[in-house]
Amino acid sequence: KHLRKDSGTLTEKISPKLGDIFYSPAFFLINKQHFLDSAVKISDNDVLTCSDCDKHLGEVNDGFVSLWYYSIKLSSTEDKEFGGQTHPLISSVGDNFAVLLEATVQDSGSRMPRIVFKTRGTHKVLKVWVMDKDLTCYTNITNGNHLAQDKMMKLAFEEQSNGKLESSAPDNKSPGVALSEEIEVYLSEEMYSYAVRGMQLCCQDFPQQC
């Protein structure tokens, strides 16, 4: 069974039964009863973690679990050579965040969607404003002899720090700017850290703002 959603939180109630798997671009849903009580831990804010390594696996909601693709690897007790990733395009936390961001933007229906990435418990906030979701760029791949065309997103972002937002996005009160509704998406701590670090690295060689 397939379920396509535009964010890391569910907007309609569904209840997968034992044996059901609901797929979305960035995570999948299964019944909570698939897990041994001794194998996982559930925090007060419904975060599911591994009992052995404390890795954030996903979140619990009304008896079912949403699992990040990057956090789960397939294996078999009968075939030791069987195994691999749960999604053909996702093998790391970075892949998972990129797919989640792209799916959220595509499903938003807005030309310039505004996304608020959050974490459970720690109340971290990363605001992303997509300025251009289909920007054409050209990359030099053969020492100037050939340019490859690629598609990218142009983003403005800001992270909440000590309760205060230091913004790199346009002023929300600027005249003539029609703002889209903010889309809230919850991330694991690992995905959130990757998103903040990755966006900061993309801008590290830019000139300082005057």
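Residues numbered from 1 in each chain as written. Predicted model: local features only at pLDDT ≥ 70, side-chain atom pairs only at ≥ 80, totals over all residues. Heavy atoms only, no water.

Novice: How should the overall build of the protein chain be read in this particular structure?
Specialist: If you tally the helices and strands in the protein chain, you get two helices and 13 strands. Looking at the protein chain residue by residue over its 210 residues, the buried ones come to 37%. Taking as baseline every contact in the protein chain between residues at least 6 positions apart, the subset at least 24 positions apart corresponds to 49%. When the accessible surface of the protein chain is summed, it comes to about 13300 Å², and 49% of that surface belongs to carbon and sulfur atoms. (Helix = DSSP H or I, 4+ residues; strand = E, 2+ residues; numbered from the N terminus. Buried < 20%, exposed > 50% of the residue type's maximum accessible area, 1.4 Å probe, protein only. Contact = heavy atoms within 4.5 Å. Areas by Shrake-Rupley, 256 points an atom, 1.4 Å probe, with all protein chains shown as cover.)

Novice: Just checking my understanding: could you explain the packing of aromatic side chains for this structure?
Specialist: Across all of its chains, the model carries four aromatic pairs by this definition. Through pairs of rings, three or more aromatic residues link up here, namely F97, F117 and Y194. Looking at R120, its charged tip hangs above the ring of Y186, at a distance of 3.6 Å from the centre. (Phe/Tyr/Trp six-rings, centres within 6.5 Å; stacked < 30°, edge-to-face > 60°. Lys NZ or Arg CZ within 6 Å of the ring centre and 35° of its normal.)

Novice: Honestly, the environment of G58 in this entry has me stumped. Any pointers?
Specialist: Mapped onto the elements, G58 comes out in strand β5 (residues 56-61). The buried category is assigned to G58, whose relative accessible area is 0%. On a C-alpha basis, the gap between G58 and L29 in space is 9.4 Å, while along the polypeptide they are 29 residues apart. Setting aside its immediate chain neighbours within four residues, G58 contacts D46, V47, L48, S66, L67 and W68.

Novice: I'm lost on the nonpolar core in this one. Help?
Specialist: Side chains that are nonpolar tend, in soluble globular proteins, to be buried together. L67, F117 and L126 are the most contacted members of the largest nonpolar core, which totals 40 residues. Top contributing element to this core by residue count: helix α1 (residues 93-108), with six residues. Contact partners of F117, with chain neighbours within four places excluded, come to F97, L100, L101, K124, V125, L126, V128, V185, L187 and Y192. (Core = buried A, V, L, I, M, F, W, Y, C linked by side-chain atoms within 4.5 Å.)

Novice: What is the right way to read α1 from this model?
Specialist: Because an α-helix packs 3.6 residues into every turn, residues spaced three or four apart end up facing the same way. In this model, α1 (16 residues) spans 22 Å end to end at C-alpha, consistent with the 22 Å of a helix rising 1.5 Å per residue. If you check which residues of α1 are buried, you get V93, G94, N96, F97, V99, L100, L101, A103, T104 and V105. After α1 finishes, the residue G109 shows a positive phi value of roughly 75°. (Expected span 1.5 Å × (residues − 1).)

Novice: So what exactly am I meant to see when it comes to the sheet that holds β5 here?
Specialist: Sheet strands line up and pair through hydrogen bonds in the backbone, either parallel or antiparallel. As summarised here, the arrangement of the six strands in space is β1-β2-β6-β5-β4-β3, forming an open sheet in which the pairing is antiparallel. Each edge of the open sheet carries a strand with a single partner, namely β1 (22-23) and β3 (40-42). When β1 meets strand β2 (residues 27-31), the two strands line up antiparallel, connected through two bridges. Among the inter-strand pairings, Y23 is bridged to a residue of β2, identified as F28. (Pairing = 2+ DSSP bridges.)

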